[in-house]
Amino acid sequence: MTEDAKNKATIYCYWLMSLYGVSIVMIGTLVPELLQYFEVSLSDIGFLMTIQCFGGILALFLGSRFAEKVKKSLIIPIAFGALGLGLLVVGYSSSFLVLQTAFFLTGFFIRITDIFLNSFVGQIHQEKSGIYLNRLHMFFSIGAFTGPFYSGMLMKLDFHWQQIYSIIGILFVVSALLGCWFILPMGKMHQTQTPKNRAPLNFLEIIQDPKIWILGATLLFYSFHQLSVTVWLPYYMENSLGSSKEMANLAISLFWFGIILGRFFVSIIVKNQDPARLLSLGAFVGAVLLVVGIYSRDMSLTTSAYFLVGLLTGAVIPLAFTICYKIFPEVIALATTFLSIFLLSGQMVGPWLLGVSAEMFSINHAIFLTVITLFGCTVVWKLVSPPIASIPTKPALR
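Keep in mind the model is a prediction, meaning the values are calculated, not measured.

**Overview of the overall build of the protein**
Now for step 1: Counting secondary structure elements, the protein contains 17 helices and zero strands.
Now for step 2: A sequence separation of at least 24 residues applies to 86% of the contacts in the protein between residues at least 6 apart.

Quick look at the structure:
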């Protein structure tokens, strides 16, 4: 395998991951349009993310089972193209039932793409897999930061929400076709390599260790927080604080920009810090700042608070996975699948529960769920004993 072919495939994977980030986050800016077009409730919109996560859980079991048995360089463009077609179906949805079906399909192919992108990049850069996987997910964050600007700009140009989804769907399909040149030729060259870790997996060894449950609970709380903010922060800014669409889009973009910076800084300082203490402190301070920002009823303070929360807690997910890899080095695949179930469960419940709470009370009160879950992270991380201080300096996954 030549270095040029390897670099070309890596850049292609970075591009796919950035587009993936755009597609995930842009829904937050489109919530008011979806509510108006389909005439549904807030909980119905939140349930879209639940349906998407159901598709993701199904893909998680299938993908983790067959990840080492198929050609990743073939599956990646196929799955990404199918995801693009799913986004086109979203764009052409004439009823809410069709939209729900489309979200289930996108959830399935999002997770398949995610599994195989991680596995492929990790294997073609086996010597420096942590560094390259961290970069891969940095591009996801960059795409997530860009998503609100993409949808906001097109809305300002009077594009309909269906057109916005259709355009990103077309970009996905075109990018998948480019895989024939960027990544598909690597298939035969790469498949001759064998993974380093082929130790037998023991499920009971994992679930009997309390640390895996502590890490899982952390991911449950934080993924609840992160996706709830992504979906509902723009709606809260517009309907509760009276902000413009531009300001609401800026708020969610700054939240993700904070996550980008947080992951970068933590990857530098974690070598000399206990990650459990670092993340529990970050979650606690972030929760306190959110309380101040939300209670202030001030757009600038609230926006600043969510930016700082992103900065202080952005590394929760990558560090949780990296700590997991340190504890279970011989059963990484199974441990990753187990933690991913917690991650998807938080994403499945969060936006829906916040939508239900907004209907029962108001969005002003429901938004405090994003604070409560950060306090939950703080409590959980305090339970990590003894601290795991010696971990790689480069977080491995998103």
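Anyway, onward from the coordinates.
**Here's the deal with the pattern of salt bridges**
Now for step 1: Scanning the entire structure with this criterion turns up three salt bridges.
Now for step 2: Between Glu33 and Lys245 there is a salt bridge, and its shortest N-O distance comes to 3.1 Å. You can see Glu33 sitting in helix H2 (residues 27–38) and its partner Lys245 sitting in helix H11 (residues 245–269), a full 212 residues away along the chain.
Now for step 3: One salt bridge in this structure joins Lys245 and Glu238, with 3.4 Å as the shortest N-O distance.
Now for step 4: Glu238 gets classed as buried once you look at its relative accessible area, which sits at 18%.
Now for step 5: Here the residues in one salt-bridge network are Glu33, Glu238 and Lys245, joined through shared partners.

**Things to note about a nonpolar patch on the surface**
Now for step 1: On the surface, a cluster of nonpolar side chains totalling about 640 Å² of accessible area is made up of Phe47, Phe54, Leu58, Leu62, Phe104, Leu105, Val349 and Trp352.
Now for step 2: Contributions of two or more residues to the nonpolar patch are made by helix H3 (42–66), helix H5 (96–124) and helix H15 (332–360).
Now for step 3: Counting residues per element, the nonpolar patch draws most heavily on H3, at four residues.
Now for step 4: Taking relative accessible area as the criterion, Leu105 reaches 36% and is therefore assigned partly exposed.

**Remarks on helix H13 (residues 299–313)**
Now for step 1: Taking 1.5 Å per residue, 15 residues should reach 21 Å; H13 reaches 21 Å between its end C-alpha atoms and fits that length.
Now for step 2: Burial in H13 covers these residues: Thr302, Thr303, Ala305, Tyr306, Val309, Gly310 and Thr313. Taken around the axis of H13, the buried residues stretch over an arc of 160°, which confines them to a single face.
Now for step 3: Between a side-chain oxygen at the N-terminus of H13 and the backbone nitrogen of Ser300 the separation is 3.1 Å; the capping residue is Asp298.

**Topic: the nonpolar core**
Side chains of nonpolar character tend, in soluble globular proteins, to be buried together.
Now for step 1: The biggest cluster of nonpolar side chains holds 121 residues, and the ones touching the most others in it are Ile45, Leu99 and Tyr165.
Now for step 2: With near-sequence residues (within four places) excluded, Leu99 lies in contact with Leu34, Phe38, Leu48, Val90, Ser93 and Trp161.

**Let's talk about the side chain of Ser340**
Now for step 1: With respect to the helices, strands and loops of the structure, Ser340 is situated in helix H15.
Now for step 2: Excluding residues within four positions of it along the chain, Ser340 makes contact with Leu60 and Phe321.

**A closer look at the packing of helix H10 (residues 210–239) against helix H17 (residues 369–382)**
Now for step 1: At their nearest, the axes of H10 and H17 sit 9 Å apart, and the two run at 160° to each other. Comparing the axis directions of H10 and H17 gives the class roughly antiparallel. Crossing of H10 over H17 shows left-handed handedness. Of H17, the residues touching H10 (which contributes Ile214, Leu215, Ala217, Thr218, Phe221, Tyr222, Phe224, His225, Ser228 and Val229) are Leu369, Thr370, Thr373, Leu374, Gly376, Cys377, Val380 and Trp381.
Now for step 2: Of the residues contributing to the contact of H10 with H17, the split by class is 12 nonpolar, six polar and no charged.

**Focus: the environment of Met155**
Now for step 1: Tracing the sequence through the fold places Met155 in helix H6 (residues 129–156).
Now for step 2: Residues Met155 and Lys245, spaced 90 residues apart in sequence, show a C-alpha to C-alpha distance of 9.3 Å.

**Some points on the side chain of Arg263**
Now for step 1: Within the element layout of this structure, Arg263 appears in helix H11.
Now for step 2: In terms of polar contacts, Arg263 uses its side chain to reach the side chain of Ser141, at 2.7 Å.

**Quick notes on unusual backbone geometry**
Now for step 1: Of note in this structure, Asp158 is not a glycine but carries a positive phi near 70°.
Now for step 2: Examined against the element boundaries, Asp158 turns out to sit in the loop between H6 and helix H7 (161–182).
Now for step 3: Of the residues examined, Asp158 reaches a relative accessible area of 69% and is grouped as exposed.
Now for step 4: In the Ramachandran plot, Arg297 falls in the positive-phi region, its phi being about 60° despite a non-glycine side chain.

**Here's the deal with the environment of Gly56**
Now for step 1: Along the polypeptide, Gly56 turns up in helix H3.
Now for step 2: Taking the C-alpha atoms as reference points, Gly56 and Asp114, 58 residues apart in sequence, are found 9.9 Å from one another.
Now for step 3: Beyond its immediate sequence surroundings of up to four residues, Gly56 is in contact with Gly107, Phe108, Arg111 and Leu344.

**As for the confidence of the model for the protein**
Now for step 1: Residues at a pLDDT of 70 or more form 87% of the protein, whose mean pLDDT is 85.
Now for step 2: For the protein, helix H8 (residues 186–191) is the element with the lowest average pLDDT, namely 51, and H7 is the one with the highest, namely 95.
Now for step 3: Scored below 50 in pLDDT, residues 188–201 makes 26 contacts in the model with residues more than four places away or belonging to other chains.
Now for step 4: With pLDDT under 50 throughout, residues 385–398 is counted as low confidence; its partners more than four residues away or in other chains account for 59 contacts.

**Some thoughts on the packing of aromatic side chains**
Now for step 1: Going through the model one piece at a time under the given rule, you end up with 24 aromatic pairs.
Now for step 2: Members of the aromatic cluster, joined through ring pairs, are Tyr20, Phe140, Phe255, Trp256 and Tyr306.
Now for step 3: Here the basic side chain of Lys8 rests over the ring of Trp181, its NZ or CZ set 4.2 Å away from the ring centre.
Now for step 4: The aromatic ring of Tyr132 is capped on one face by Arg135, whose charged end is 5.1 Å from the ring centroid.

Parameters at a glance
- Residues numbered from 1 in each chain as written.
- Predicted model: local features only at pLDDT ≥ 70, side-chain atom pairs only at ≥ 80, totals over all residues.
- Heavy atoms only, no water.
- Helix = DSSP H or I, 4+ residues; strand = E, 2+ residues; numbered from the N terminus.
- Contact = heavy atoms within 4.5 Å.
- Salt bridge = Lys/Arg side-chain N within 4 Å of Asp/Glu carboxyl O.
- Buried < 20%, exposed > 50% of the residue type's maximum accessible area, 1.4 Å probe, protein only.
- Patch = residues over 30% accessible without salt bridge, like charges linked within 9 Å, V, L, I, M, F, W, Y side chains within 5 Å.
- Areas by Shrake-Rupley, 256 points an atom, 1.4 Å probe, with all protein chains shown as cover.
- Expected span 1.5 Å × (residues − 1).
- Arc of directions from axis to C-beta.
- Polar contact = N/O pair within 3.5 Å; in protein donor to acceptor, adjacent residues only side chain to side chain.
- Core = buried A, V, L, I, M, F, W, Y, C linked by side-chain atoms within 4.5 Å.
- Axes fitted to C-alpha atoms, helices over the stretch in contact; angles between N-to-C directions.
- Parallel < 35°, antiparallel > 145°, perpendicular 65-115°, else oblique.
- Left-handed = near helix turned anticlockwise from the far one by under 90°.
- Nonpolar A, V, L, I, M, F, W, Y, C, P; charged D, E, K, R; others polar.
- pLDDT = per-residue confidence, 0-100.
- Phe/Tyr/Trp six-rings, centres within 6.5 Å; stacked < 30°, edge-to-face > 60°.
- Lys NZ or Arg CZ within 6 Å of the ring centre and 35° of its normal.

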